Amino acid sequence: MSTIWIRHADVVTLDASGTILRDADLLVVDGRIACIGNVPEDAPADEILDVRGGVVMPGFFNAHCHAPMTLERGWAEDLPFPRWLNEKIWVAESALTAEDVYWGAALAACEMIRSGTVGFNDHYFYMDRVAEVVEQSGLKAQLTWCVFGVGEDKEVGAGLDGALSFAERWQGAADGRIHTCLGPHSPYLCPPDFLARISELAHARDLAVHLHVAESREQVENSLARHGKSPVVQLADLGLFDGRTVAAHCLVLDERDLEILAEKRVFVARTPITYMKLAMPVNFVTDLRAAGIAVALGTDGPASNADMDMLAVIRQSVLLEKYLRLDPESLPGDTTLRMATQHGAAAMGFAESGALVEGAAADLIVLDFDRPHLRPRHDLIANLVHSAKGADVRHVMVNGRLLMRDRVLLTLDEERILYEAEQRALRMVNQNMSQVREYRA
Ligand SMILES: [Zn+2]
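**Some words on the overall build of the protein**
Looking only at helices and strands, the protein has 14 helices and 17 strands in total. Relative to a compact globule of 441 residues, whose C-alpha radius of gyration would be 22 Å, the protein shows 21 Å and is just as compact. With 441 residues in all, the protein has 61% of them scored as buried. For the protein, the centre of its 42 positive side-chain charges and the centre of its 63 negative side-chain charges are spaced 2 Å apart.

Right, here's the structure in full:
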């Protein structure tokens, strides 16, 4: 039995009533929060963390990302979405190897832990290697091997059979820290019969689904022209929303789509920094929430964000919504912190995370508030949403195990990861740039 006693913390619990405790203690026993508030003086503790001046809150759950795309960070800049994808991202990824994926995901894991993320929902290729990173890092994750359904020879690394066997191989691994699901890329790239097959498999094997949905008006218009229905109606008709589903983006929805997503309890993951960076028109998060849809937040891949700092995503979500609505009252800070924590955790099947209450999983972070930009402390929520940065995170704990203590990573060899990831990124891009030159010549 291991116990950690966190002392003298200001605690943002994000519990049902939004309780905030000042100068409180918190006792973690065997990976769970055993006591919050006043811990008995004689409580046994293997380790005491005195965090005076610090703020404890639930760790972040990044609800949509492609972690190994750290290797493409800063390599596809100032381009419209089709050119960004076709001329840069697909080209770089055509040289992708399983080893690249490992080091790209490891780099992402360092970055995520350093900025307070405790769980991530990853959609990419060669996912066994991402699962290894999750296992080693101590993070939680829901992982899926992205498939397109355009012919086994064109899939990256594995077709549907491979993606399914990955899902079954790793489901519940790392003491339950790894969840797996099925990940068709999107209704705009995957043929309907392939989506129907995924739906059957998801039901038969009790697997969740994670995919991209309705990212642009053009995608919706094409869907109406091809199938006579919007992407949301098409997916609902195929049964893809009948289990636990995470639909990334959902930027173009009509009233019927909103009703379906709410009725089917689909989690929508929003990644606002991608939308702003790639200049993609968006609908209002507050309209989705008003329709009763659970909205979570993510970074998306670092090629389009370009970092994995959930505090940046939180702040930009709030600013974007207020600005577009011209309404400073829309999307208050407490709501947005819940989107980045408990809604993301629920979307990935970690429903016992995301709030600091007795009995919950001890997936929590401690931020150092002894910093100029975090004083004074009138309103801890306001400081977290509008002033805190990932670099303010001092300790990170998952299932009661410290992954970072005093800004030192305890589970990953960061120096080696920075070196290997840089080498891999350069190799991937150079190789492809020479291919592009040859092609043009
Ligand atoms: Zn994505």
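**Here's the deal with the domain arrangement of the protein**
The assigned domain composition of the protein is domain 1 (3-58 + 354-409) and domain 2 (60-347). Here the C-alpha centre of domain 2 lies 28 Å away from the C-alpha centre of domain 1. Contacts between domain 1 and domain 2 engage 29 residues on the former and 26 residues on the latter. Both faces combined, the contact of domain 1 with domain 2 buries some 2,300 Å², and carbon together with sulfur accounts for 63% of it. Of all residues in domain 1, Leu14, Val385 and His386 give up the largest surface area on contact with domain 2, accounting jointly for 24% of the area buried on that side. For the interface between domain 1 and domain 2, the tally reads one salt bridge.

**Points about the packing of helix α3 (residues 127-137) against helix α4 (residues 160-170)**
Remark: α3 packs on α4, axes separated minimally by 10 Å, with the N-to-C direction vectors making an angle of 20°. In terms of their interaxial angle, α3 and α4 are classed as roughly parallel. Read as a crossing pair, α3 and α4 show a hand that is right-handed. Along the contact surface, α3 presents Met127, Asp128, Ala131, Glu132 and Glu135, while α4 presents Phe166, Arg169 and Trp170. A per-class count over the contact of α3 with α4 returns four nonpolar, no polar and four charged.

**Re the coordination of the zinc ion**
Every protein donor of the zinc ion is accounted for by His64 (NE2), His66 (NE2) and His212 (NE2), and the metal-donor separations fall at 2.1 to 2.2 Å. Sequence spacing of the donor residues for the zinc ion, all on one chain, is H-x1-H-x145-H. Here the two residues His64 and His66 agree in accessibility, since each one is buried.

**What to know about unusual backbone geometry**
Most of the time, phi is negative for any residue but glycine, and the peptide bond is trans. Residue Ala306 follows Asn305 across a cis peptide bond; omega there is 15°. Summarising the element assignment, Ala306 is placed in the loop between β13 (294-297) and α11 (310-325). At the junction of Arg375 and Pro376, the peptide bond is cis and its omega measures out at -5° in the coordinates. Relative to the assigned elements, Pro376 resides in the loop between β14 (364-368) and α13 (380-386). For Leu14, which is not glycine, the phi torsion reads 55° and is therefore positive. Within the secondary structure, Leu14 sits in the loop between β1 (3-12) and β2 (20-29).

Criteria and cut-off values
Residues numbered from 1 in each chain as written. Predicted model: local features only at pLDDT ≥ 70, side-chain atom pairs only at ≥ 80, totals over all residues. Heavy atoms only, no water. Helix = DSSP H or I, 4+ residues; strand = E, 2+ residues; numbered from the N terminus. Rg over C-alpha atoms; globule rule 2.2 N^0.38 Å. Buried < 20%, exposed > 50% of the residue type's maximum accessible area, 1.4 Å probe, protein only. Lys, Arg positive; Asp, Glu negative; His and termini not counted. Charge placed at Lys NZ, Arg CZ, Asp CG, Glu CD. Domains from an automatic or database assignment. Contact = heavy atoms within 4.5 Å. Buried area = accessible area lost by both parts, 1.4 Å probe. Salt bridge = Lys/Arg side-chain N within 4 Å of Asp/Glu carboxyl O. Axes fitted to C-alpha atoms, helices over the stretch in contact; angles between N-to-C directions. Parallel < 35°, antiparallel > 145°, perpendicular 65-115°, else oblique. Left-handed = near helix turned anticlockwise from the far one by under 90°. Nonpolar A, V, L, I, M, F, W, Y, C, P; charged D, E, K, R; others polar. Donors = N, O, S within 2.8 Å, 3.2 Å for Na, K, Ca; no water.

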